Amino acid sequence: MRVHHLNCGSFSSALVGRLVCHVLACETDAGIVLVDSGFGLADVADPTGRVGKYAKLTGARFRESETAVRQLDKLGLDSSDVTHIVATHLDFDHIGGVADFPNATLHTTAAEEAASEQRSSFREKVRYRPAQLTPRPTTHTYSGPGESVLGFSGAHPIDGVRDRIVLVPMPGHTRGHAAVAVDTGDRGWLLHAGDAFYHRSTVAAPGQVPPGTAGRALRVMEELIAVDRSKIRGNHRRLRELNNQKAPRVRVFSAHDPTLFEELAAERG
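Only a predicted model underlies this, so the values are computations on that prediction, with no experimental measurement involved. (Residues numbered from 1 in each chain as written. Predicted model: local features only at pLDDT ≥ 70, side-chain atom pairs only at ≥ 80, totals over all residues. Heavy atoms only, no water.)

**Student:** Please set out the sheet that holds strand β3 (residues 17–19) residue by residue, giving values where relevant.
**Tutor:** Taken in spatial order, the 3 strands of this open sheet run β3-β2-β6, and their pairing is antiparallel. Where the open sheet ends on each side, the last strands, each with one partner, are β3 and β6 (60–61). By the bridge criterion, 3 bridges tie strand β2 (residues 10–13) to β3 in an arrangement that is antiparallel. Its bridge partner being in β3, S12 is matched across the sheet by R18. (Pairing = 2+ DSSP bridges. Helix = DSSP H or I, 4+ residues; strand = E, 2+ residues; numbered from the N terminus.)

As structure tokens, then:
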């Protein structure tokens, strides 16, 4: 499997500094599988209508060149070959690009789909934007006991993909948030942890505090927008253990840390 690391949405603000939207494009026997999709063409054309006014508070930048569909074009890949999009969750900065791939099936947890449809709290009204999933794409949801992957129980291999891409439920940031594990073979596993953590220091060493004002602001923001803070802290602990184990080799990264994105893009570019 060949994996491309794409930044499909940039943020820049005095409060939290520079952030990215880390998307994976996996070339598989079943076509191209995206893990998250960042912002899409329609978001770029109408940011307020699609995403809402709150995106401006985080310094979101809407650039056509950063959309997944345009980056696939640049790589010489056909966007019509995108057959599956596996979402860590359905926040506006993770699924805006889904509309650019109308033939793809969207995969998410059943809990996340329910949260995005019900939008029963203020947090959920802000984070889930119905316009981004209108018309509703073909969606496959996962629930139940699943299997054990990388020490996590309840994991679900993605239906229709023979290569090992696995949805790993990890609620806390949202009701149905998940990580996505990708088995790259000899190069080990990639674990896209979505928004289970923001800053790389979280999984680097026990008790490490993000450096600088922006790092500390990220930690505060992470707690404020989480639906279950106790689960966030448990996720941190488990991801830190996984990131620091010797075998199997697992590269743990989050959706928004620019340093982790740049390291992995350089390694596999």
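**Student:** Before we move on, could you go through helix α9 (residues 229–244) and cite the residues and values that matter?
**Tutor:** Owing to its 3.6 residues per turn, the α-helix aligns residues three or four sequence positions apart on the same side. Taking 1.5 Å per residue, 16 residues should reach 22 Å; α9 reaches 23 Å between its end C-alpha atoms and fits that length. Within α9 the residues assigned to the buried category are I232, N235, H236, L239, R240 and L242. Across the axial projection of α9, the buried residues extend over an arc of 160°, all falling on one side. Considering only its buried residues, α9 is in contact with β11 (152–157), β14 (189–192), α7 (201–204), α8 (212–225) and β15 (250–253). (Expected span 1.5 Å × (residues − 1). Buried < 20%, exposed > 50% of the residue type's maximum accessible area, 1.4 Å probe, protein only. Arc of directions from axis to C-beta. Contact = heavy atoms within 4.5 Å.)

**Student:** Tell me about the packing of α8 against α9, and please be specific about residues and values.
**Tutor:** Contact geometry for α8 and α9: axes closest at 8 Å, N-to-C directions at 130°. In terms of their interaxial angle, α8 and α9 are classed as oblique. Crossing angle aside, the handedness with which α8 passes α9 is right-handed. Mapping the contact onto sequence places E222, E223 and L224 in α8 and R229, I232, R233 and H236 in α9. When grouped by side-chain class, the residues that make up the contact of α8 with α9 number 2 nonpolar, 1 polar and 4 charged. (Axes fitted to C-alpha atoms, helices over the stretch in contact; angles between N-to-C directions. Parallel < 35°, antiparallel > 145°, perpendicular 65-115°, else oblique. Left-handed = near helix turned anticlockwise from the far one by under 90°. Nonpolar A, V, L, I, M, F, W, Y, C, P; charged D, E, K, R; others polar.)

It is worth stressing that arrangement in space is one thing and function is another; only the former is reported here.
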